[in-house]
Amino acid sequence: MADAQRYILNKNNGFNVMVNLYIIRFLYSHMEKADCFEVKGSMRKKSIDFYKSVVDISRQRMARMLCGGNFEMSSEDRKRLSDMFGISEKYFMKDGECIQLGRLEEKDWKCYFNERYCTGYIIPDIDRIKKRHISNVENILKELCKKGALERDYDTGTPIYHIFYYFKQGTTYIEESKLRKFLKALSQLSLSDWEEIEDDIDSLEHYQNILEKHNRYIKIVAEYKRLKQNN
């Protein structure tokens, strides 16, 4: 197998990687996780090492990254993290995208990193409102820690939800197909639910036509499968 391509990033072109790995580490440290992330045989509840056993990125590399130094990110790193969390590689590549949390902006994160890690971002005319930007990040992170908040505030298609799901369930999130979602909703639908649109004749006829088309298709496919099994 060919060696993985290795890229040297810095605090500017690797800003998105810094933000995203920080978010991932924060979630891992503060949320209730699946049993597979617990140290086996420990007398008290203890999580396995985030750096070595989860992201396979050394503590030293993470520290160098957050403090504004150059850091390495290989194509192998990108693919491993992308496959693990079920999100795009663009979140771990040079000049890629930041995982969106609330309405946080680039300036919020840069002020936050400067305050916590002396990262060294130069932000003109920021002194007067620096504390507000730092508070923006702290408040969003604090909200993430509240039980049920993440599931309430973020759609299942967002990267942050996929990361949360991976740590919560111990497996990569797979988006349900439209059909699976429909069948689940249909199984929970009662006849009385149709009363919601019973006075809207146009809507009733519209959905009646759609359901009749699907019903005819299901009958044809089911009959074909039965005939095939009997021959």
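Conventions and cut-offs
- Residues numbered from 1 in each chain as written.
- Predicted model: local features only at pLDDT ≥ 70, side-chain atom pairs only at ≥ 80, totals over all residues.
- Heavy atoms only, no water.
- Salt bridge = Lys/Arg side-chain N within 4 Å of Asp/Glu carboxyl O.
- Helix = DSSP H or I, 4+ residues; strand = E, 2+ residues; numbered from the N terminus.
- Buried < 20%, exposed > 50% of the residue type's maximum accessible area, 1.4 Å probe, protein only.
- Phe/Tyr/Trp six-rings, centres within 6.5 Å; stacked < 30°, edge-to-face > 60°.
- Axes fitted to C-alpha atoms, helices over the stretch in contact; angles between N-to-C directions.
- Parallel < 35°, antiparallel > 145°, perpendicular 65-115°, else oblique.
- Contact = heavy atoms within 4.5 Å.
- Nonpolar A, V, L, I, M, F, W, Y, C, P; charged D, E, K, R; others polar.
- Polar contact = N/O pair within 3.5 Å; in protein donor to acceptor, adjacent residues only side chain to side chain.

(A) Region of interest: the pattern of salt bridges. Applying the stated criterion to the full structure yields 13 salt bridges. Where Arg61 meets Asp77, a salt bridge forms, and the shortest distance between an N and an O atom there is 3.0 Å. In this pair, Arg61 sits in helix 3 (residues 59–66) while Asp77 sits in helix 4 (residues 75–85), placing the two residues 16 residues apart along the sequence. The closest approach of N and O atoms between Arg152 and Glu143, which form a salt bridge, is 3.1 Å. The exposure class assigned to Glu143 is partly exposed, which follows from its relative accessible area of 25%. Overlapping salt bridges, with partners in common, bring together Glu143, Lys146, Arg152 and Asp153 in one network.

(B) Structural view of the packing of aromatic side chains. Evaluated as defined, the whole model comprises 22 aromatic pairs. Look at Phe37 and Phe167: their rings are 5.5 Å apart centre to centre, the planes differ by 80 degrees, and that puts the pair in the edge-to-face class. Of the two residues, Phe37 sits in the loop between helix 1 (15–30) and helix 2 (50–55) while Phe167 sits in helix 8 (residues 159–169), which places them 130 residues apart along the sequence. Looking at Phe37, the relative accessible area reads 4%, which means it is buried. On the numbers, 5.6 Å between centres and 80 degrees between planes, the contact of Phe85 with Phe167 is edge-to-face.

(C) Region of the structure containing the packing of helix 5 (residues 106–117) against helix 6 (residues 130–144). Close contact between helix 5 and helix 6 brings their axes to 8 Å; oriented N to C, the two are set at 95 degrees. Taken as axis vectors, helix 5 and helix 6 run roughly perpendicular relative to one another. Contacts between helix 5 and helix 6 involve Lys107, Asp108, Trp109, Cys111, Tyr112 and Glu115 from the former and Lys130, His133, Ile134, Asn136, Val137, Glu138 and Leu141 from the latter. Of the residues in the contact of helix 5 with helix 6, the class split is six nonpolar, two polar and five charged.

(D) Structural context of unusual backbone geometry. You will see that Cys118, though not glycine, has its phi angle at about 50 degrees, which is positive. Along the polypeptide, Cys118 turns up in the loop between helix 5 and helix 6. Classification of Cys118 as exposed rests on a relative accessible area of 63%. Positive phi, close to 55 degrees, is recorded for Asp125, a residue that is not glycine. Of note, Asp125 is situated in the loop between helix 5 and helix 6.

(E) Representation of the side chain of Asn20. Inspection of the secondary structure puts Asn20 in helix 1. Judged by its relative accessible area of 0%, Asn20 is buried. From its side chain, Asn20 meets the backbone oxygen of Glu97 in a polar contact 2.9 Å long. Reaching out from Asn20, the side chain makes a polar contact with the backbone nitrogen of Ile99 at a distance of 2.6 Å. The residues contacting Asn20, other than those within four sequence positions of it, are Tyr91, Glu97, Cys98 and Ile99.

Don't take any of this as a statement about function, it's just geometry.
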